[in-house]
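What follows is the residue order along each chain.
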Amino acid sequence: MIDERSRKKLILEHSRRMNAADIDGLLELYADEVTFEDPVGSGRRTGRDALREHFEELAAAGISEIPGEPVAGQDGVHVLVPVTATMAYLPKGPGFAERGWLTAPDSPEDSRITWDYVLMMRAGAGGLIQELQMFWGRSDIDITG
């Protein structure tokens, strides 16, 4: 079990490193066999290599996360934080449009995606993240600019 304060710091550090596009530093926060799902319902993936690919795509789009106030579970392992994020429509946006999550913009190179989600992490031994899930739906994502 990891104390509440440490779990809250961990999830905020995740957003800080994501905003800095520090992929190697971000992956240091994760266990080797991490499982993740973004968004929940899109299919689980496992391992740091898959997570690296996911984070590199977000960094390439210039993601900027603004985390809210974290909430730690009483179970000693979970922590959640609401996030508002923006990133360039390209390169990930067309995949979102193909899945029906967005309507493709007229000028994709000038457009940005804005969305609200809840980030959930489960920490394990040594304070490393063992599971990452992002909860958001179609009504939580939009095109701006």
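Residues numbered from 1 in each chain as written. Predicted model: local features only at pLDDT ≥ 70, side-chain atom pairs only at ≥ 80, totals over all residues. Heavy atoms only, no water.

Identification of the protein as Nuclear transport factor 2 family protein from Streptomyces niphimycinicus is taken from an unreviewed UniProt entry.

**Student:** Would you mind going over a nonpolar patch on the surface with me for this structure?
**Tutor:** Among the surface-exposed residues, V40, L80, V118 and F135 lie close enough to one another that they form a single nonpolar patch of about 260 Å² accessible area. With respect to the secondary-structure elements, V40 resides in the loop between strand 1 (30-37) and strand 2 (45-46). (Patch = residues over 30% accessible without salt bridge, like charges linked within 9 Å, V, L, I, M, F, W, Y side chains within 5 Å. Areas by Shrake-Rupley, 256 points an atom, 1.4 Å probe, with all protein chains shown as cover. Salt bridge = Lys/Arg side-chain N within 4 Å of Asp/Glu carboxyl O. Helix = DSSP H or I, 4+ residues; strand = E, 2+ residues; numbered from the N terminus.)

**Student:** Sorry if this is basic, but what is going on with the pattern of salt bridges here?
**Tutor:** Between side chains of opposite charge, a pair can form when the charged atoms approach closely. Summed over all chains, the structure comprises 10 salt bridges. Taking the shortest distance from any N to any O, the salt bridge between K92 and E57 comes out at 2.8 Å. Within this pair, whereas K92 is found in the loop between strand 5 (78-88) and helix 4 (93-98), its partner E57 is found in helix 3 (residues 48-60), the two being separated by 35 residues in sequence. Given the relative accessible area of 29%, E57 is considered partly exposed. Several salt bridges converge on common partners, so that one network encompasses E13, R16, R17 and E28. (Buried < 20%, exposed > 50% of the residue type's maximum accessible area, 1.4 Å probe, protein only.)

**Student:** Looking at this structure, how should I read the nonpolar core?
**Tutor:** Buried together is how nonpolar side chains tend to be arranged in soluble globular proteins. The biggest cluster of nonpolar side chains holds 36 residues, and the ones touching the most others in it are Y30, F55 and W115. Where this core is concerned, the elements lending two or more residues are helix 1 (4-19), helix 2 (23-27), strand 1, helix 3, strand 5, strand 6 (112-123) and strand 7 (129-135). Among the elements that make up this core, the one with the highest residue count is strand 6 (six residues). Excluding anything up to four places from it in sequence, Y30 contacts H14, R48, L51, F55, M121, L128, I129 and L132. (Core = buried A, V, L, I, M, F, W, Y, C linked by side-chain atoms within 4.5 Å. Contact = heavy atoms within 4.5 Å.)

**Student:** Just checking my understanding: could you explain the environment of S107 for this structure?
**Tutor:** Mapped onto the secondary structure, S107 falls in the loop between helix 4 and strand 6. Judged by relative accessible area, S107 falls into the partly exposed class, the value being 28%. Between the C-alpha atom of S107 and that of T86, which follows or precedes it by 21 residues, the distance is 17 Å.

**Student:** Please explain the packing of aromatic side chains as it appears in this structure.
**Tutor:** Any pair of aromatic rings gets described here by the distance separating the centres and the angle formed by the planes. Within this structure, the stated rule accounts for seven aromatic pairs. Where W101 meets W136, the ring centres are 5.1 Å apart and the plane angle is 80°; that geometry is what we call edge-to-face. Here W101, found in the loop between helix 4 and strand 6, pairs with W136, found in the loop between strand 7 and strand 8 (141-144); they are 35 residues apart in sequence, far enough to count as distant. The exposure class assigned to W136 is buried, which follows from its relative accessible area of 10%. Through a chain of ring-to-ring contacts, the aromatic side chains of F96, W101, W115, Y117 and W136 assemble into a single cluster. (Phe/Tyr/Trp six-rings, centres within 6.5 Å; stacked < 30°, edge-to-face > 60°.)

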